[in-house]
Amino acid sequence: MANLTQMKPRLGISACLIGKAVRYDGEHKMDQVVVAALEQHFELVPVCPEVDCGMGVPRESMRLKGNVIAPRLVTISSHIDRTDQLERWTKRRIAEMKQEKLAGFVLKSGSPSCGLSVNVYDDKDVVAGNVSGLFARRVTAGLSRRLVAEAEQLHDESFRTDFIQRLRTFAQK
Ligand code: SF4
């Protein structure tokens, strides 16, 4: 007989939020409140786009630069453009997520890869706009905006309850 974990719907989550030390500085961003709430209902599937596409830990931190419509993911000091590396991996991973039937995704805010609302800087390092990170925008397009949230949003109990219900309803279809 399948155990309870196997029977729970699967939910993607930025790996640093569940305590994986995958951030650029070798740290994590464990979010106990969110993880404890989600684990009751879902099997959490950790994904770190930057590490999983081969960037390693530690790594130079990055930001979004250039055109607000099509920003590039660039390292802050050495100005290396990592966009194509992340995009190639992301397209493949999103296709896999659909096959894995992930109910949705919970993202880490503020990251140029995972954040839903991140600054884009122009050539003079001035903020030119605010967009979703490269991985976040493809997750949102691939799954559905209603099934994607940032962990910070889930600290609001009524938002969290509604989000969990939406995911459970989707997973039962
Ligand atoms: S925010 Fe995303 S890319 Fe950055 S460490 Fe967390 S999972 Fe990896």
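The structure reproduced in this document is the subject of the present report.

Examining the overall build of the chain
In step 1: Along the chain, the regular secondary structure elements total 6 helices and 8 strands.
In step 2: N-terminal to C-terminal, the α/β element order of the chain is α-β-α-β-α-β-β-α-β-β-β-α-β-α.
In step 3: Against the 2.2 N^0.38 benchmark of 16 Å for 173 residues, the chain shows a C-alpha radius of gyration of 16 Å, consistent with a compact globule.
In step 4: In terms of overall dimensions, the chain has a C-alpha envelope of 55 × 30 × 30 Å along the principal axes.
In step 5: Across the 173 residues in the chain, those meeting the buried criterion constitute 34%.

Structural notes on unusual backbone geometry
In step 1: Cis geometry is adopted by the peptide bond preceding Pro58, which originates at Val57 and carries an omega value of -5°.
In step 2: With respect to the secondary-structure elements, Pro58 resides in the loop between helix 3 (49–52) and strand 3 (62–65).
In step 3: Of note in this structure, His79 is not a glycine but carries a positive phi near 60°.
In step 4: For Asp125, which is not glycine, the phi dihedral falls at a positive 65°.
In step 5: One can find Asp125 in the loop between strand 6 (118–121) and strand 7 (127–131).

Description of the site of the ligand
In step 1: By nearness alone, 13 residues border the ligand, and Ser14, Cys16, Cys48, Ser111 and Cys114 come closest of all.
In step 2: For the shell around the ligand, the per-class residue count stands at 7 nonpolar, 3 polar and 3 charged.

Describing the sheet that holds strand 2 (residues 43–47)
In step 1: The sheet built from 4 strands is open, its strands ordered 2-1-5-8 with parallel pairing. Whereas interior strands pair on both sides, the edge strands pair on one side only; in this sheet they are strand 2 and strand 8 (148–150). Sheet twist, expressed as the mean angle between neighbouring strand axes with direction ignored, is 25°.
In step 2: Sitting on the sheet, helix 6 (residues 157–172) is in contact with strand 1 (10–14), strand 5 (102–107) and strand 8, with an inclination near 155° to strand 5.

Considering the sheet that holds strand 3
Each strand in a sheet pairs with another by means of backbone hydrogen bonds, the pair being arranged parallel or else antiparallel.
In step 1: Spatially, the 4 strands line up as an open sheet ordered 4-3-6-7, and their pairing is mixed. Either end of the sheet is taken by a strand with one partner, and the two such strands are strand 4 (72–75) and strand 7. For this sheet, the mean angle separating the axes of adjacent strands, direction not counted, is 45°.
In step 2: Summarising the sheet, strand 3 and strand 4 pair through 4 bridges and their orientation is antiparallel. Across the sheet, Leu64 pairs through a bridge with Leu73, a residue of strand 4.

Things to note about the environment of Leu154
In step 1: Tracing the backbone shows Leu154 in the loop between strand 8 and helix 6.
In step 2: Given 21 C-beta atoms within a 10 Å radius, Leu154 is considered buried.
In step 3: Counting along the chain gives 48 residues from Leu154 to Val106, while the straight-line C-alpha distance between them is 8.9 Å.
In step 4: Residues contacting Leu154, with those up to four places away along its chain left out, are Val34, Ala37, Val106, Ala149, Phe159, Arg160 and Phe163.

Some points on the pairing of strand 7
In step 1: Sheet topology note: the strand 6/strand 7 ladder contains 4 bridges and is antiparallel. Bridging from a neighbouring strand, Val118 pairs with Val131 of strand 7.
In step 2: Between strand 6 and strand 7, which pair antiparallel and follow one another directly, the connecting turn spans 5 residues, one of which, Asp125, has a positive phi of 65°.

With respect to the nonpolar core
In step 1: Leu11, Leu17, Phe105, Val106 and Leu107 are the most contacted members of the largest nonpolar core, which has 39 residues in total.
In step 2: When neighbours within four sequence positions are excluded, Val106 is seen to be in contact with Leu11, Ile13, Ser14, Leu17, Val34, Leu38, Ala149, Ala151 and Leu154.

Calculation notes
- Residues numbered from 1 in each chain as written.
- Predicted model: local features only at pLDDT ≥ 70, side-chain atom pairs only at ≥ 80, totals over all residues.
- Helix = DSSP H or I, 4+ residues; strand = E, 2+ residues; numbered from the N terminus.
- Rg over C-alpha atoms; globule rule 2.2 N^0.38 Å.
- Buried ≥ 20, exposed ≤ 12 C-beta atoms within 10 Å, placed from the backbone.
- Near = placed C-beta within 6 Å.
- Nonpolar A, V, L, I, M, F, W, Y, C, P; charged D, E, K, R; others polar.
- Pairing = 2+ DSSP bridges.
- Axes fitted to C-alpha atoms, helices over the stretch in contact; angles between N-to-C directions.
- Contact = placed C-beta atoms within 7 Å.
- Core = buried A, V, L, I, M, F, W, Y, C linked by C-beta atoms within 7 Å.

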